[in-house]
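Overview (structure and organization)
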Amino acid sequence: MNTNQLPKAVQELLENNKKQATDHQELIRSGGYLPPSEELLVDAIVALSMGKNILLKGPTGAGKTKFAETLSSLFERPMYSVNCSVDLDAESLMGFKTLAYEEEKQTIQFVPGPVTNAMKQGSFLYIDEINMAKPETLPLINGVLDYRRTITNPFTNEIVTAAEGFGVIAAINEGYIGTVPLNEALKNRFIVIDVPYIQGEQLEQLINDSTNLTDKQLISHFVTLSNDLITAVSQGKLSEDAASIRALLDACDLSIYLPPKRAILRSIVDKLEEDREKSFVENLADTLF
Ligand SMILES: Nc1ncnc2c1ncn2[C@@H]1O[C@H](COP(=O)(O)OP(=O)(O)OP(=O)(O)O)[C@@H](O)[C@H]1O
């Protein structure tokens, strides 16, 4: 990503906060996020540079993970990930004890989890789908998220304090089935950044960059389809999944070899639950392809 177009002060901030990572460079992610507006990128860079946690909030397939990966790439900072689910427990965050052999003697060793690793190494921690976690699990890391930047590891009793460079990026998909509204105390600890779907020329660029589809007319129809799907979702006519950019990119790729309507059927229509929704998308596709 070209950061030369960002305001000078933000470029300097980024430069000063880059981590000269020598360890775990394999965890520095690659970029590729196309921000719908410059502000989105500026706000995230500023907040993270100032040591604040950011919460990326947006619908499924809007590029939240890609955005977090791009921030890891821009700051040249390794990033550990946690994917939340109802099964997420203290061990999946902090780490676990296991039996090991040292010079033929059995010992108990602690295998650090993503929170411990990111804190000790001063890396980014990405917490995906944070509102999927059980409400009782996350308060465990409240101390990590506020000014204390400290946690007592419940398995070793070690007090872990975050090294310089530690930062938290979380993502939520509000309103998605299975999610719970994010507890206020937790939300309070984040700077919230809305991540909408990209549309128009930017989406055209994304299709060009990340799929193998080259037919200009087809690409233009897919951009229109995406726009119509986003509108229908915002009007409550379709469930959120229908407008996922991830699904649209799949349809673009498939349409290199399949008729576009079949590509749309496989990538978008057949994922919808209700017949009414399926026919709605099929009708939209009929008018375009
Ligand atoms: N603005 C964007 N820039 C670059 N890639 C994007 C963008 N929007 C969507 N994508 C692409 O769409 C796909 C889904 O993106 P990603 O996994 O980051 O979405 P997400 O918001 O994290 O989704 P979910 O909420 O379902 O986890 C990826 O292939 C990603 O590259």
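All of the points below concern the structure found in this document. Note that the structure is predicted; figures quoted are calculated from it, not measured. (Residues numbered from 1 in each chain as written. Predicted model: local features only at pLDDT ≥ 70, side-chain atom pairs only at ≥ 80, totals over all residues.)

What follows deals with the sheet that holds strand E8 (residues 167-172). Taking strand neighbours across the sheet as the criterion, the five strands line up as E2-E5-E8-E1-E9 in an open arrangement whose pairing is parallel. Among the strands making up the open sheet, the edge pair consists of strand E2 (79-83) and strand E9 (190-194). The sheet shows a mean angle of 20 degrees between the axes of neighbouring strands, taken without regard to direction. Judged from the five bridges that link them, E2 and strand E5 (residues 124-128) form a sheet pairing that is parallel. Bridge pairing links Tyr80 to Leu125 in E5. Here helix H3 (residues 64-75) sits on the sheet and contacts strand E1 (53-57), E2, E5 and E8; the angle it forms with E8, its principal contact strand, is near 165 degrees. Contacts from helix H5 (residues 114-121) reach E2 and E5, with the element oriented near 160 degrees to E2. (Pairing = 2+ DSSP bridges. Helix = DSSP H or I, 4+ residues; strand = E, 2+ residues; numbered from the N terminus. Axes fitted to C-alpha atoms, helices over the stretch in contact; angles between N-to-C directions. Contact = placed C-beta atoms within 7 Å.)

The next thing to look at is helix H8 (residues 200-210). Listed as buried for H8 are Leu203, Leu206 and Ile207. Down the axis of H8, the buried side of the element spans an arc of 100 degrees, and every buried residue falls inside it. Exposed side chains of H8 directed beyond 90 degrees from the buried face belong to Glu201 and Asp209. Here the buried face of H8 lies against helix H9 (216-234) and helix H10 (245-254). (Buried ≥ 20, exposed ≤ 12 C-beta atoms within 10 Å, placed from the backbone. Arc of directions from axis to C-beta.)

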